[in-house]
Amino acid sequence: MLILNKAAGVFSKPSRREIFEFLRSFNFRPGNVFLHKLVLGIETSCDDTAAAVVDETGNVLGEAIHSQTEVHLKTGGIVPPVAQQLHRENIQRIVQEALSTSKVSPSELSAIATTVKPGLALSLGVGLSFSLQLVDQLKKPFIPIHHMEAHALTIRLLNKVEFPFLVLLISGGHCLLALVRGVSDFLLLGKSLDIAPGDMLDKVARRLSLIKHPECSTMSGGKAIEHLAKQGNKLHFDFKPPMQRAKNCDFSFTGLQHVIDKIITQKEKEEGIQKGQILSSAAHIAAAVQHTTACHIAKRTHRAILFCKQRDLLSQSNAVLVVSGGVASNLYIRKALEIVTNATQCTLLCPPPKLCTDNGIMIA
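Report follows, based on the coordinates.

Definitions and limits used
Residues numbered from 1 in each chain as written. Predicted model: local features only at pLDDT ≥ 70, side-chain atom pairs only at ≥ 80, totals over all residues. Heavy atoms only, no water. Helix = DSSP H or I, 4+ residues; strand = E, 2+ residues; numbered from the N terminus. Rg over C-alpha atoms; globule rule 2.2 N^0.38 Å. Buried < 20%, exposed > 50% of the residue type's maximum accessible area, 1.4 Å probe, protein only. Contact = heavy atoms within 4.5 Å. Areas by Shrake-Rupley, 256 points an atom, 1.4 Å probe, with all protein chains shown as cover. Lys, Arg positive; Asp, Glu negative; His and termini not counted. Charge placed at Lys NZ, Arg CZ, Asp CG, Glu CD. Expected span 1.5 Å × (residues − 1). Pairing = 2+ DSSP bridges. Axes fitted to C-alpha atoms, helices over the stretch in contact; angles between N-to-C directions. Phe/Tyr/Trp six-rings, centres within 6.5 Å; stacked < 30°, edge-to-face > 60°.

1. Points about the overall build of the protein
Phase 1: When its secondary structure is counted, the protein shows 12 helices and 12 strands.
Phase 2: By the compact-globule yardstick of 21 Å for 364 residues, the protein fits well, its C-alpha radius of gyration being 22 Å.
Phase 3: Counting only C-alpha atoms, the protein reaches 70 × 55 × 30 Å along its principal axes.
Phase 4: Out of the 364 residues in the protein, the part that is buried amounts to 50%.
Phase 5: Intrachain contacts of the protein at a sequence separation of at least 6 include 70% that bridge at least 24 residues.
Phase 6: Just so you have it, the protein exposes about 17,300 Å², and 54% of that area is on carbon and sulfur atoms.
Phase 7: Taking the average place of the 40 positive charges on the side chains of the protein and the average place of its 30 negative ones, the gap between the two points comes to 3 Å.

2. Digging into helix α6 (residues 197–207)
Phase 1: With 8 of 11 residues buried, α6 lies mostly within the body of the structure.
Phase 2: Three or more residues of α6 are buried, namely P197, G198, D199, M200, L201, V204, A205 and R207.
Phase 3: At its buried positions, α6 is contacted by β8 (165–170), β9 (175–182), α7 (221–229), α8 (254–271) and α9 (282–310).

3. Things to note about helix α4 (residues 121–138)
Phase 1: Counted at 1.5 Å a residue, the expected span for α4 with its 18 residues is 26 Å, and the 25 Å between its end C-alpha atoms agrees.
Phase 2: When α4 is considered as a whole, its buried residues turn out to be S123, L124, V126, G127, F130, S131, Q133, L134 and V135.
Phase 3: Downstream of α4 by one or two residues, K139 has phi in the positive range, about 60°.

4. Comments concerning the sheet that holds strand β11 (residues 319–324)
Phase 1: If you walk across this open sheet you meet the 5 strands as β10-β9-β8-β11-β12, and the pairing is mixed. Edge positions in the sheet fall to β10 (185–191) and β12 (346–349), since each of these pairs with one other strand and no more. Ignoring which end each strand starts from, the neighbouring axes of this sheet average 25° apart.
Phase 2: The pairing of β11 with β12 spans 4 bridges and is classified as parallel. Along β12, the bridge assignment pairs L321 with L348.

5. A look at unusual backbone geometry
Phase 1: The linkage connecting K117 with the following residue, P118, adopts the cis geometry, with an omega of -20°.
Phase 2: Inspection of the secondary structure assignment puts P118 in the loop between β6 (111–117) and α4.
Phase 3: Cis geometry marks the peptide bond from F163 to P164, where omega comes out at -5°.
Phase 4: Non-glycine residue K103 carries a positive phi angle of around 60°.
Phase 5: In this fold, K103 is placed in the loop between α3 (80–102) and β6.
Phase 6: Of note, K139 is a non-glycine position whose phi angle comes to about 60°, a positive value.
Phase 7: Judged by relative accessible area, which is 64%, K139 ranks as exposed.

6. Remarks on the packing of aromatic side chains
Phase 1: The tally for this structure, following the rule as stated, stands at 3 aromatic pairs.
Phase 2: Between F237 and F239, the aromatic rings sit 5.9 Å apart at their centres with planes inclined by 5°, giving stacked as the arrangement. One exposure class covers both F237 and F239, and it is buried.
Phase 3: Measuring from centroid to centroid gives 6.4 Å for F251 and F253, while their planes differ by 10°, and the two rings are stacked. Neither residue differs from the other here; F251 and F253 are each classed as buried.

Right, dumping it as structure tokens:
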């Protein structure tokens, strides 16, 4: 296995003894025969170090993940060099754990698949460097994976979804609507013109200082907003959904974020508190921003469904909308999309929460 040279900050090639010790660390019964092709997937596009082994029939044999959420909560957001270092410190352990759980030795792998784009360049570089050296040592094929395509196709591990289908990918780093016509055939219908919805929710959570809220101190920004919103009145503040007159399927969240910032500043003055203290109306703000975000996403998705159906790009009777990405785990937003799909005779499918966020399974 690759040995991380922390002092130099680069991967060094292992010695024969190190490879031998690595292989001995696996507890295999001699004579195991795998009848299927086995792929090791490695994901390091942002702040999760993940790996998994999946066979050609879609069976997940083993997986492992290391989340950096706790570290980044303390810094108020993802710091790329910090994320890079944490990937370096954990990637060998995570890959080894995924292989051990799957009871697959590195030599039995058929190929190694790794996220190569899009994502944070420093984070992507760790996974790519590790994978390429592993490929070189094992003499296995390398499969470069597009992060968003992996999210879009994950649902096919769990459901018999036929092409074409519509996919909505909403996360902290991405927001797009696309018609999936095949494994590598995507028609982009809409994307965020500025920031992603998850990024906006995180920024609002930081502006509200929800990390200081006793109920939200261990939650990511998006999770904190969703949790606090349950206690608030979504109509207490009247935030208008963005791009109401735009006749396309694009998204925008920066304007909404600026409006919310102004409201928070105004409420701080009214309540006589300093920036960084918790507003009494924090729950109402959380509920209103979540509701407005859900309405914006739902309206743009509704437009995309109608567009596809009018042009016979989707089945009239068996259309499917797949929603994935970290924000897809927000149940309020998911409910808004369910209303849209019910109204348009579509089937709404969402991977389970652990497959909505970044993971090695979707890459494998």
